[in-house]
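Survey of secondary and tertiary structure
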Protein chains: 2
Amino acid sequence: MNDGYNVAVVGATGAVGTKLIEMLEQTNLPLKNVKLLASKRSAGRKLLFKGEGLFVEELVPEAFDDVDIAIFSAGGSISQKFAPEAVKRGTVVVDNTSQYRMDKDTPLVVPEVNKQALKDHQGIIANPNCSTIQMMVTLAPIKQSVGIDRVIVSTYQAVSGAGAQAVEEIKQQSQETLDGELPENLSAEILPAASDKKHYPLAFNALAQIDEFAENDYTKEEWKMVNETKKILEDKQMKISATCVRVPVITGHSESIYIETEDKISLTDLRATLENAPGVTVEDDTSQQIYPQAINSVGKKDTFVGRIRQDLDIDNGFHLWVVSDNLLKGAAWNSVQIAETLHEMNLVHV
Amino acid sequence: MNDGYNVAVVGATGAVGTKLIEMLEQTNLPLKNVKLLASKRSAGRKLLFKGEGLFVEELVPEAFDDVDIAIFSAGGSISQKFAPEAVKRGTVVVDNTSQYRMDKDTPLVVPEVNKQALKDHQGIIANPNCSTIQMMVTLAPIKQSVGIDRVIVSTYQAVSGAGAQAVEEIKQQSQETLDGELPENLSAEILPAASDKKHYPLAFNALAQIDEFAENDYTKEEWKMVNETKKILEDKQMKISATCVRVPVITGHSESIYIETEDKISLTDLRATLENAPGVTVEDDTSQQIYPQAINSVGKKDTFVGRIRQDLDIDNGFHLWVVSDNLLKGAAWNSVQIAETLHEMNLVHV
């Protein structure tokens, strides 16, 4: 009989790691033990779990010897190095980085959408990109109902998606701006992408670059939305293009999504489809000025959808405004939900 | 012989009014005298014009007796009341409000795009909405070259478009947030629309509402972009839908614009079309992380276009990132440019 799992959090001290601990405090997953792993630099720090102090341990391969499920959120290179070590030791890995997402042997899972893909896992399950997840929760039920022919999405993404240091950076830039400093005198070392050559201030600005630039002048973030969507929805033919933009929001990604459905659907039926969708809360009453807002999404697990309206010219065209906490459904909550689903489907090999 | 015009600024003390004075300081328009008009409350204040103190005078019908050109930027109801009074007195009115924009006898003008429409003016010329203008400067040359079948635009609009008080509001909210205040404790009395029932904080947030809601759950701002575009481009058949969003930017509207052209055009030719377009500066080199940014647009008269790229699925589909100073090209500069053009075309009846 299963007396609970040993669960490890890799990258426990980061922006997502902190939220992973919160989500594990709330999970239904039977837990025997929680282990916090991080770089040598962070080892020895004490973090609270359910009111109890847990020491952060150094991430070494042997740390996985007694771990059933490990949730990784410490960057792609850490996942590349240590996820196989964990799998070798019988650990099931839920990986928050982009490292294994497009790997053909790795399921890429949003539990409300494609939990059946978990059945084929070979030790690693990838958690999709934050901006993809909230779009998937919203679009999958529509696709299932009437099909989706094309998607055009423009994002309004929060800073916490770029990590805790990026949040500190924009707070400092914002304070300096309020104190009268000019944009050209603000220091910027992280955004738009830590790994990139140039850095720009985001305070009171909008940066049409997230992650590095890649093929065809699209950014990696834009390609993630395109490729991950096709993989999760198992639809290589779907037309989809993305424009990913970072805005001065701390937490809560917003997305302006245009879709064209394959079959006709009335606005009423589209709304009903979303109201019945798991993980979705419809917030949409223009007579009361009700629509999703980033600051209202913080700390909530659902994805919020509003501004649901028909395109002015295309019968099968609809516009949606989709908002979710990028650290929760976009990362920590989706990962813990994957772990819960693995348990429910009896797919954790203890 | 024309020894210069008497020009009045109505609403001289507002966010746009201040910029109108700056633009008149720089204009080529021969000026005889500049008169600053505002509400009784502001009358008597002294504002600098070319280093000289000018008293703000009270806005009354007789103030237009000796005025050749009046630029209005004091709200729709002021324009409704006083623009006809000005016209009655032989003044040509350039109106920055939405009051006369869709009036069939009023030309709606972006000088780079449709200055020929000025010929039919009957005393009032309307300045389009800020978010429309920068899109027109960008799309008109493309439409002229290969036609445009459809447009889908999502905006990232700055606060100064909602006036000086809205700027103060977000600055205060931002400071309180940085000091640790929770979003639910922030005071909001202006945004998203002063005339509306509910107000929400914009600091570190994104509000998918600009102006009030109107038909079909689109906002008035969204309808402005749709209807003004069709009027300016003289194309009632163009398919266009908009999602207008306010973001925590002080000045500089950004727009994620998707277009489908009627005829085929290569990416190279599309770029060349924009490079040759009047009022447009192309900032687009992903290898150097060059793309338009709101904070860089401030104080500049041009509209900046970047992230020019082909849709991933549609041959005739392209994505653009379009940024401009909403107080200059979006308002004050376009108005003064209209006055200059009226002069060049000999359409000011002195």
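Here the structure is a predicted model, which means the values were calculated and not measured. (Residues numbered from 1 in each chain as written. Chains lettered and ligands numbered in written order. Predicted model: local features only at pLDDT ≥ 70, side-chain atom pairs only at ≥ 80, totals over all residues. Heavy atoms only, no water.)

1. So, the overall build of chain A
Check the secondary structure of chain A and you find nine helices and 13 strands. Scaling as 2.2 N^0.38, a compact globule of 350 residues should have a C-alpha radius of gyration of about 20 Å, and chain A matches this with 20 Å. Considered along the principal axes of its C-alpha atoms, chain A spans approximately 60 × 55 × 40 Å. A buried classification covers 61% of the 350 residues belonging to chain A. Taking contacts inside chain A between residues at least 6 apart in sequence as the whole, the part at least 24 apart equals 66%. Of the roughly 13200 Å² of accessible surface on chain A, 46% is carried by carbon and sulfur atoms. (Helix = DSSP H or I, 4+ residues; strand = E, 2+ residues; numbered from the N terminus. Rg over C-alpha atoms; globule rule 2.2 N^0.38 Å. Buried < 20%, exposed > 50% of the residue type's maximum accessible area, 1.4 Å probe, protein only. Contact = heavy atoms within 4.5 Å. Areas by Shrake-Rupley, 256 points an atom, 1.4 Å probe, with all protein chains shown as cover.)

2. A word on the interface of chain B and chain A
In this assembly, 67 residues from chain B lie in contact with 67 residues from chain A. Between chain B and chain A, a total of about 5800 Å² is buried, with carbon and sulfur atoms accounting for 54% of that surface. The largest share of the area that chain B buries against chain A comes from Phe 204, Gln 289 and Leu 312 of chain B, three residues that together contribute 13% of it. The interface formed by chain B and chain A includes eight salt bridges. Note that Glu 222 of chain A and Arg 307 of chain B form a salt bridge whose closest N and O atoms lie 2.7 Å from each other. Where chain B packs against chain A, one counts 47 residue pairs in polar contact (both at pLDDT 80 or more). Split into classes, the residues belonging to the side of chain B that touches chain A amount to 33 nonpolar, 19 polar and 15 charged. (Buried area = accessible area lost by both parts, 1.4 Å probe. Salt bridge = Lys/Arg side-chain N within 4 Å of Asp/Glu carboxyl O. Polar contact = N/O pair within 3.5 Å; in protein donor to acceptor, adjacent residues only side chain to side chain. Nonpolar A, V, L, I, M, F, W, Y, C, P; charged D, E, K, R; others polar.)

3. Considering the UniProt feature "binding site: phosphate" (unreviewed entry) in chain A
Residue and element names in this part refer to chain A. Residues annotated in UniProt with the feature "binding site: phosphate" (unreviewed entry) correspond here to Arg 101. Overall, Arg 101 belongs to the buried group, its relative accessible area being 4%. Each residue touching Arg 101, except ones within four places of it in the same chain, is listed here: Asn 96, Thr 106, Leu 108, Ala 126, Asn 127, Pro 128, Asn 129, Lys 224, Glu 228 and Lys 231. (UniProt positions renumbered as here; feature names shortened; annotations may be inferred.)

4. Focus: the relation of the copies chain B and chain A
Once chain B is rotated about the relating axis by 180 degrees and shifted along it by 0.0 Å, it coincides with chain A to within an RMSD of 0.0 Å. Seen this way, the second copy is the image of the first under a two-fold rotation axis. Of every C-alpha in chain B, the one belonging to Pro 248 of chain B sits nearest the axis of rotation, 3.1 Å from it. Counting the interface residues of chain B, we find that 100% of their copies in chain A are interface residues as well, pointing to one common contact surface. (Least-squares fit on C-alpha atoms with pLDDT ≥ 70 in both.)

5. Remarks on the domain arrangement of chain A
Residue and element names in this part refer to chain A. Per the domain assignment, the segments of chain A are domain 1 (5-128 + 331-344) and domain 2 (132-326). At the interface, 19 residues of domain 1 touch 19 residues of domain 2. Looking only at domain 1, the three residues that lose the most surface to domain 2 are Met 102, Glu 112 and Val 113, adding up to 30% of its buried area. The interface formed by domain 1 and domain 2 includes one salt bridge. Glu 228 is the salt-bridge partner of Arg 101, the closest N and O atoms lying 3.1 Å from each other. Our count for the domain 1 to domain 2 interface comes out at six residue pairs in polar contact (both at pLDDT 80 or more). Every element with two or more residues in the side of domain 1 that touches domain 2 is listed here: helix H1 (15-26), helix H3 (111-114) and helix H9 (328-344). When the residues that make up the side of domain 1 that touches domain 2 are grouped by side-chain class, the tally is nine nonpolar, seven polar and three charged. (Domains from an automatic or database assignment.)

6. Description of the pattern of salt bridges
Following the criterion strictly, the structure yields 42 salt bridges over all chains and no others. For the salt bridge of Asp 311 of chain B with Arg 150 of chain A, the shortest nitrogen-to-oxygen distance reads 4.0 Å. Pair noted here: Asp 311 of chain B is in the loop between strand S12 (303-310) and strand S13 (317-324) and Arg 150 of chain A is in strand S8 (residues 148-156), and the two residues belong to different chains. Judged by relative accessible area, which is 6%, Asp 311 of chain B ranks as buried. By relative accessible area, Arg 150 of chain A is classed as buried at 4%. Across the pair Asp 65 of chain B and Arg 89 of chain B runs a salt bridge whose closest N-O atoms are separated by 3.1 Å.

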